[in-house]
Amino acid sequence: MIILPRTYATVPKKLGLCLAVLLLTALCAQAARVDTLSVASPKMKRNIPVVVIVPEQALAGNSCPTLYLLHGHGGNAFTWPTIKPELPQMADRDGIIVVCPDGEASWYWDSPLRPESQFETFVARELTAWIDSRYPTIKDRKGRAITGLSMGGHGSMWLSFRHKDLFGAAGSTSGGVDIRPFPKSWGMSNHLGKEAENQSRWDAHTVMTQLDRIQDGDLSLIIDCGTEDFFLEVNRKFHQELLKRGIRHDFIIRPGAHNINYWNNSIDYQWIFFRKYFKGYRDPAASK
């Protein structure tokens, strides 16, 4: 589930960070403005890295919608700009602010075992409030969407279902939308305890058990997964459960595996989905 390019995975950590900074410097020269930030989390009592792509419309003071992009296990705040270097141009073209927080290996939960890993609160409450206070965002759920890959696909569904007051649209690409078939993988037991000894906790921390929180129309949803992805079966089951409940959503299966090539392509389709969603909403402040 490592999602950084091979060069990032095999070079020393400090050099990898330098490469990421150089990449973002190059992106800044191409389009929009790319801010690399350190955002305080009062709940975790520490700062978290965040990358924000600010389109020209926002730099001019115009209110813009915001798309939160969550990385997968093994990634960081630089992951999405690395996978999709065109993000600044896309943000400029469509007037969308892009926020890429570092979620570490958290699965975007508030861990019941680790007070230093409280990423549901950080992303859904602390970060959204921080971004809205410093950038010209549309401060309404209809101007705010969230998506992510792999662990981040689980995170985007988890956060949007549990915080639909904040997010009006959500996506998942190659998402681990049910964690229970993978009890020994990706460090999840570090946050939840061993699955065999904490079954109820694992049940309570998977997206599949959060569906009672939403009804049809609460969220605009897009879900996709590759035909060769090890998460394909849990995504099929997630899709079927949404259908059973009558919750409309876009569901796409296309050729591809759990890798960068798939995500570089899939974000294009999700971007179109969110652009259409945002286009259907006009900032109420603009009419005042």
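Anyway, here's the lowdown on the structure attached to this text. (Residues numbered from 1 in each chain as written. Predicted model: local features only at pLDDT ≥ 70, side-chain atom pairs only at ≥ 80, totals over all residues. Heavy atoms only, no water.)

### Overview of helix 6 (residues 119-134)
Point 1. Helix geometry: helix 6 is bent most strongly at leucine 127, by close to 35 degrees.
Point 2. With respect to burial, helix 6 is a largely interior element, twelve of its 16 residues being buried.
Point 3. Three or more residues of helix 6 are buried, namely Phe119, Glu120, Thr121, Phe122, Val123, Ala124, Glu126, Leu127, Thr128, Trp130, Ile131 and Asp132.
Point 4. Residues of helix 6 that are buried in the fold lie against strand 1 (33-41), strand 2 (46-54), strand 3 (66-70), strand 4 (97-101), strand 5 (144-148) and helix 7 (151-162). (Bend = angle between axes of the 7 residues up to and from the residue. Helix = DSSP H or I, 4+ residues; strand = E, 2+ residues; numbered from the N terminus. Buried < 20%, exposed > 50% of the residue type's maximum accessible area, 1.4 Å probe, protein only. Contact = heavy atoms within 4.5 Å.)

### Side note on the packing of aromatic side chains
Point 1. A complete count under the given rule lists twelve aromatic pairs for this structure.
Point 2. Residues phenylalanine 119 and phenylalanine 122 carry aromatic rings whose centres are separated by 6.1 Å and whose planes lie at 80 degrees to one another, so their mutual orientation is edge-to-face. In this pair, phenylalanine 119 and phenylalanine 122 are both assigned in helix 6, three residues apart and thus about one turn of the helix distant. Of the two residues, phenylalanine 119 and phenylalanine 122, both sit in the buried class.
Point 3. For the ring pair phenylalanine 182 and tryptophan 186, a centre distance of 5.3 Å and an interplane angle of 45 degrees mean the geometry is tilted.
Point 4. Following the ring pairs from residue to residue traces out a cluster consisting of Trp107, Trp109, Phe182, Trp186, Phe230 and Phe231.
Point 5. The positively charged end of arginine 254 is found above the aromatic ring belonging to tyrosine 269, 4.0 Å away from the centroid. (Phe/Tyr/Trp six-rings, centres within 6.5 Å; stacked < 30°, edge-to-face > 60°. Lys NZ or Arg CZ within 6 Å of the ring centre and 35° of its normal.)

### Section: the packing of helix 6 against helix 7
Point 1. Running from N to C, helix 6 and helix 7 point in directions that differ by 60 degrees, and their axes come no closer than 11 Å. In terms of axis orientation, helix 6 runs oblique to helix 7. Crossing of helix 6 over helix 7 shows right-handed handedness. Here Glu120, Val123 and Ala124 of helix 6 lie close against helix 7, whose contacting residues are Trp158, Leu159 and Arg162.
Point 2. For the contact of helix 6 with helix 7, the residue count by class is four nonpolar, no polar and two charged. (Axes fitted to C-alpha atoms, helices over the stretch in contact; angles between N-to-C directions. Parallel < 35°, antiparallel > 145°, perpendicular 65-115°, else oblique. Left-handed = near helix turned anticlockwise from the far one by under 90°. Nonpolar A, V, L, I, M, F, W, Y, C, P; charged D, E, K, R; others polar.)

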